[in-house]
Amino acid sequence: MARDESPRNYFRNNYFAPAIRLVEEARVQRFDGLFAMYFNTFLGAASAELFTYPMDVTKTRLHLQGEAAEKSGQGKPRRGMFGTALGMAREEGLSGLYSGLSAMIFRNLFFNGLRVVLYDCLRCRLSYVDPASGKDVLTVSRGISAGGLAGCAAQFIANPLDIVKIRMQMEGRLRALGYPARVSNVRQALGDAYQHGGLRSLWKGCGPSCARAMLLTAGDTACYDLSKRHFMSWLHMPDGLLIQFLSSVSAGFAASALSTPTDVVKSRIMNQPTDKFVQGLHYKNAFDCYYKLISQEGPLAMYKGFIPCWVRIGPWSLVFWFTFENLRKLQGQTGF
């Protein structure tokens, strides 16, 4: 056997070389594609929820506060954002500020993960290359349309978990008032809703919730994408922390302003009790809820919870997009 064909070289060249080559290719291969985007979106959303979730609970309590006062005959509610948050911490403990967090985490698997992936697929179809500059162009109208469609589809799938989240967020208040708890975990909440109303009850309030998701995704995901493109062009800067910060702030405000009215209606419809025919006892539909909301509590009632909504969505947007963008960077991908 020649020197080059020693047993060591023979086995290395014929048996180990393919495995070594696969390992070397894996070292330089990027983790990308739709699954990577879905994975990064879920991690970014879960990280953001840990920081901002108490404001979501506060926002939901404010949405339902006027309704609760009206039904109980106690007059107008007196608690504002800070009063509601401090009241929850004092009456229910710190755990009250995180009521329904498990449902929110599960919801992120279906809502936030899907809406960003769907938006990316749609924007790839709707964008075009400018012949003069050679850059990828996405118009505002097309970006908002992509965001609206992506948000609506994702919310329709995630609607049952949205109902569970809102009900679990109200459990602490019910216990503090001396009422028996309706649900204690996600599985029980889903089973209870199905048992009392069937499959149809899991999509109660789907109309206003999908409308809210359309506006939220158009304001958050689409606005972030479009803001980045415009800020990079106006400031003549590459994609970086400053561009991401400015885009996140713009997206957070736009999402809050667009989604708050539908968010109020969604919370009230999803939280209301139903009869044996799964018909709401307080509101017939979203239009009826809007009418009663404005006629009984005034037009500004549509923006109940706007400040906590903005205080929540603003930091949520910052944490989410920073986490999402840096995960893409670590995986060798370009910015969103």
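Residues numbered from 1 in each chain as written. Predicted model: local features only at pLDDT ≥ 70, side-chain atom pairs only at ≥ 80, totals over all residues. Heavy atoms only, no water.

Draft legend 1. A look at the layout of surface pockets. Considering only enclosed or pocket space, the second largest pocket measures out at about 330 Å³ in volume. Every residue lining the second largest pocket is listed: Asp130, Ser133, Lys135, Asp136, Val137, Leu138, Arg229, His230, Met232, Ser233 and Trp234. Looking at the lining of the second largest pocket, the elements with two or more residues in it are β2 (136-137) and α8 (206-235). Element by element, the count of residues in the lining of the second largest pocket is highest for α8, at five residues. Here the lining of the second largest pocket is built from residues that sort into four nonpolar, three polar and four charged. (1 Å grid on protein atoms, 1.4 Å probe; cavity = no way out; pocket = protein on both sides within 12 Å on 5 of 7 lines; lining within 4 Å. Points joined across faces, edges and corners; volume = space filled by probe spheres on them. Helix = DSSP H or I, 4+ residues; strand = E, 2+ residues; numbered from the N terminus. Nonpolar A, V, L, I, M, F, W, Y, C, P; charged D, E, K, R; others polar.)

Draft legend 2. Examining the pattern of salt bridges more closely. This structure, assessed with the given rule, holds 13 salt bridges. Between Asp162 and Lys165 there is a salt bridge, and its shortest N-O distance comes to 3.7 Å. Here Lys165 and Asp162 lie together in helix α6 (residues 140-176), a separation of three residues that amounts to about one turn. With respect to class, Asp162 is no different from Lys165; both count as buried. Between Glu297 and Lys304 there is a salt bridge, with the nearest N and O atoms lying 2.8 Å from each other. One network of salt bridges, with partners in common, ties together Asp120, Arg123, Asp136, Asp225 and Arg229. (Salt bridge = Lys/Arg side-chain N within 4 Å of Asp/Glu carboxyl O. Buried < 20%, exposed > 50% of the residue type's maximum accessible area, 1.4 Å probe, protein only.)

Draft legend 3. Looking closely at a nonpolar patch on the surface. Nonpolar side chains collect at one region of the surface, where Trp234, Leu235, Met237, Leu242, Phe245 and Val249 lie side by side and expose about 570 Å² of accessible area between them. For the nonpolar patch, the secondary structure elements donating two or more residues are α8 and α9 (241-271). If one sorts the elements of the nonpolar patch by residue count, α9 sits on top with three residues. Mapped onto the elements, Trp234 comes out in helix α8. Owing to a relative accessible area of 59%, Trp234 belongs among the exposed residues under this scheme. (Patch = residues over 30% accessible without salt bridge, like charges linked within 9 Å, V, L, I, M, F, W, Y side chains within 5 Å. Areas by Shrake-Rupley, 256 points an atom, 1.4 Å probe, with all protein chains shown as cover.)

Draft legend 4. Structural detail: empty space enclosed by the protein. Taken as a whole and judged by the stated rule, the model has one cavity of 30 Å³ or more. As for the largest cavity, its lining consists of 16 residues, and the residues nearest its centre are Arg212, Leu216, Arg312, Ile313 and Trp316. Listing elements by their share of the lining of the largest cavity, those giving two or more residues are α2 (34-72), α4 (101-110), α5 (112-126), α8 and α11 (306-330). Here the residues of the lining of the largest cavity sort into six nonpolar, one polar and nine charged.

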